[in-house]
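Here's the letter readout for the chains.
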Amino acid sequence: MHSLFCATLTLMLSASPGVEVTSLTGTTVSGQLQSLNQGAIQLKQGQGDQQYPLAGVLNVRFPQNRFQRTLESPLIVRLADGSRFPVQDLKSTEQQTALQGEQTGTLTVPTKAVTSVRFGTLNSDLEKSWDKLLNSKHSKDLLVVQKENVLDYIDGVVGNITEDRIQFFAGEDEVAVNRERVFGIIYFRPQATETTPFCSIKLTDEGLLQASNISYNGTQFEATLQSGARTRLSPSVIANLDFSQGKVRYLSDLEPRDIEYTPFFDTVWKYRRDKHRDGGPLRVGGKEYSRGLYIHSKTLLKYRLKNEYRHFRAIMGIDDSVPGIGFVYVEIKGNGRTLYSGNVKSSDPPVDLDLDVSGVRDLEILVDFGDNLEICDHLDLCNARLIK
């Protein structure tokens, strides 16, 4: 019995994880992950192996891995490179911060790479206050404390952090603050030059690691964060590997340089990003999309591009949430030249747009009234993205 258990356990640990690989063209292939390096990903498909260059890969999804609820009151650490993840233990000196995470393992990062640490638990009242402090401009470190459902802070300089104490300098005074009384720390960091990560690693505990390098040797992943820290990750803790940085720009991440609304009656239906007008996901042709634009007639969106994209791709259709009478006229222009024009109706199948935007600086998207006034004119541009 013991040998059978050991053999079964060994098989489970050595089994290659199943993944779904999506390319820049939007096609998806599935297989068992064999290896991954800076140049390519290798999958076992049927009886053979197939390699796919990472230059053409958008993301790698692990469909069998489910998001897990984090501990009731985890420490949440944010780094200057955009990484954020829960940890169970943290100790810090002026030079280094040691982190111990359930999924990330042991990490040692330069303290100057840490931008904030949250010790307390967020609720609906505290979340807005914490986010406001994170995004505020300040010239010193902030020691944040909770007073009932209100956050307050003292500015100064954070020193060493131990299991139970936080060293804090307020003016000429040095105090050792009980760590249990501190809601969070927000460090003052000079504005750093943004660098594009090679891969964004989304963990099942909703942690996000921005990596400059990642590889898979058939057993585990090894990643180097942009902060310089190295970690080893089990395939079971990874939800998604995003390789889109530097290759793809979603239109919902861009601010239009100009927006023109022309209501048919008196109501202005403002365009929305990554969600429908009611706050739900975009849904076209029976499929939900997490990224894209919702645009109602009559709306004109103008974007200023950087002459660095080759394709504009999107899945276009009337949102499934409305009755089948939506009818709009869509015209997309690049530098004043028409790239696409046509009617879109609820009864039509989704339109797969793939437009050449090479050399385009000014992109315009017009959603105009169709034959049914403005009734149910809820157009979705799902996964609307610019590709280099």
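Residues numbered from 1 in each chain as written. Predicted model: local features only at pLDDT ≥ 70, side-chain atom pairs only at ≥ 80, totals over all residues. Heavy atoms only, no water.

Quick word on the overall build of the protein chain
Helix and strand content of the protein chain: 2 helices and 34 strands. Overall, the protein chain is about 70 × 60 × 40 Å in size when its C-alpha atoms are taken along their principal axes. Counting across all 388 residues of the protein chain, residues that qualify as buried make up 43%. Carbon and sulfur atoms provide 47% of the accessible area of the protein chain, an area that totals close to 20,600 Å². With 44 positive and 48 negative side-chain charges, the protein chain shows a separation of 3 Å between the mean positions of the two kinds. (Helix = DSSP H or I, 4+ residues; strand = E, 2+ residues; numbered from the N terminus. Buried < 20%, exposed > 50% of the residue type's maximum accessible area, 1.4 Å probe, protein only. Areas by Shrake-Rupley, 256 points an atom, 1.4 Å probe, with all protein chains shown as cover. Lys, Arg positive; Asp, Glu negative; His and termini not counted. Charge placed at Lys NZ, Arg CZ, Asp CG, Glu CD.)

A look at a nonpolar patch on the surface
A surface patch of nonpolar side chains, about 440 Å² in accessible area, is lined by Phe264, Phe265, Ile325, Leu373 and Ile375. With respect to the helices and strands, the residue Phe264 is situated in the loop between β23 (258-261) and β24 (272-273). (Patch = residues over 30% accessible without salt bridge, like charges linked within 9 Å, V, L, I, M, F, W, Y side chains within 5 Å. Salt bridge = Lys/Arg side-chain N within 4 Å of Asp/Glu carboxyl O.)

Focus on unusual backbone geometry
With an omega of -10°, the peptide bond running from Ser297 to Lys298 counts as cis. In this fold, Lys298 is placed in the loop between β27 (292-296) and β28 (299-304).

A word on the packing of aromatic side chains
If you walk through the whole model with that rule in mind, you get 6 aromatic pairs. Centroid distance Trp130 to Phe183: 5.5 Å. Interplanar angle 70°. Geometry classified as edge-to-face. In this pair, Trp130 is assigned in helix α2 (residues 124-134) and Phe183 in the loop between β15 (173-178) and β16 (184-186), connecting sequence segments 53 residues apart. Exposure remark for Trp130: the relative accessible area of 3% places this residue in the buried category. Taking relative accessible area as the criterion, Phe183 reaches 3% and is therefore assigned buried. Taken together, a centroid distance of 5.6 Å and an interplanar angle of 75° make the contact between Phe198 and Phe243 edge-to-face. Of the two residues, Phe198 sits in the loop between β16 and β17 (199-203) while Phe243 sits in the loop between β21 (238-242) and β22 (248-250), which places them 45 residues apart along the sequence. The partly exposed category is assigned to Phe198, whose relative accessible area is 24%. (Phe/Tyr/Trp six-rings, centres within 6.5 Å; stacked < 30°, edge-to-face > 60°.)

Quick notes on the environment of Glu260
Locating Glu260 in the fold gives a position in strand β23. A C-alpha to C-alpha distance of 8.2 Å links Glu260 and Lys298, two positions 38 residues apart in sequence. The residues contacting Glu260, other than those within four sequence positions of it, are Lys298, Thr299, Leu300 and Lys302. (Contact = heavy atoms within 4.5 Å.)

A closer look at the sheet that holds strand β33 (residues 362-369)
If you walk across this open sheet you meet the 5 strands as β23-β28-β33-β30-β31, and the pairing is antiparallel. In this open sheet, the two strands that pair with only one neighbour each are β23 and β31 (337-345). Taken pair by pair, the neighbouring strands of this sheet meet at an average axis angle of 10°, ignoring direction. Across 8 bridges, strand β30 (residues 327-334) lies against β31 in antiparallel orientation. In the sheet register, Phe327 faces β31, and the bridge partner there is Lys345. (Pairing = 2+ DSSP bridges. Axes fitted to C-alpha atoms, helices over the stretch in contact; angles between N-to-C directions.)

Quick notes on the nonpolar core
Core analysis: the biggest nonpolar cluster contains 47 residues, and Ile201, Phe221 and Leu241 have the highest contact counts within it. Broken down by element, this core gets its largest block of residues, 4 residues, from strand β18 (residues 208-216). Counting 32 residues, the second-largest nonpolar core is a separate cluster that includes Ile318, Val328, Val330 and Val357. (Core = buried A, V, L, I, M, F, W, Y, C linked by side-chain atoms within 4.5 Å.)

So, the side chain of Arg179
Among the structural elements, Arg179 can be located in the loop between β15 and β16. Looking at Arg179, its side chain comes within polar contact range of the main-chain oxygen of Leu90, at 2.9 Å. What Arg179 contacts, discounting residues up to four positions off in sequence, is Leu75, Asp89, Leu90, Phe119, Ile161, Thr162, Glu163, Asp164, Arg165 and Ile166. (Polar contact = N/O pair within 3.5 Å; in protein donor to acceptor, adjacent residues only side chain to side chain.)

Structural notes on the pattern of salt bridges
Inspection of every chain in the model, using the stated rule, returns 17 salt bridges. Taking the shortest distance from any N to any O, the salt bridge between Glu222 and Arg232 comes out at 3.7 Å. One end of the pair, Glu222, is in strand β19 (residues 221-225); the other, Arg232, is in strand β20 (residues 230-233), and 10 residues separate them in sequence. On the basis of relative accessibility, which here comes to 56%, the residue Arg232 falls in the exposed class. Across the salt bridge formed by Asp278 and Arg277, the nearest N and O atoms sit 3.6 Å from each other. Note on Arg277: relative accessible area 31%, which makes it partly exposed.

With respect to the confidence of the model for the protein chain
Residues with a pLDDT of 70 or more make up 94% of the protein chain, whose mean pLDDT is 89. Counted against residues more than four places away or in other chains, residues 1-14, with its pLDDT under 50, gives 0 contacts. (pLDDT = per-residue confidence, 0-100.)

Regarding the pairing of β27
Across the 5 residues that make up β27, a large majority, 5, are buried. Neither face of β27 is open: one carries Gly292, Tyr294 and His296, the other Leu293 and Ile295, and all of them are buried. When β27 meets strand β34 (residues 378-387), the two strands line up antiparallel, connected through 5 bridges. Note that in β34 the partner of Gly292 across the bridge is Cys382.

Notes on the environment of Gly31
Its location among the elements puts Gly31 in strand β2 (residues 28-36). Accessibility expressed as a relative area gives 11% for Gly31, which makes it buried. As a C-alpha pair, Gly31 and Leu43 span 12 residues in sequence and 5.3 Å in three-dimensional space. Residue contacts for Gly31: discarding those within four places in its chain leaves Pro17, Gly18, Val19, Leu43, Lys44 and Gln45.

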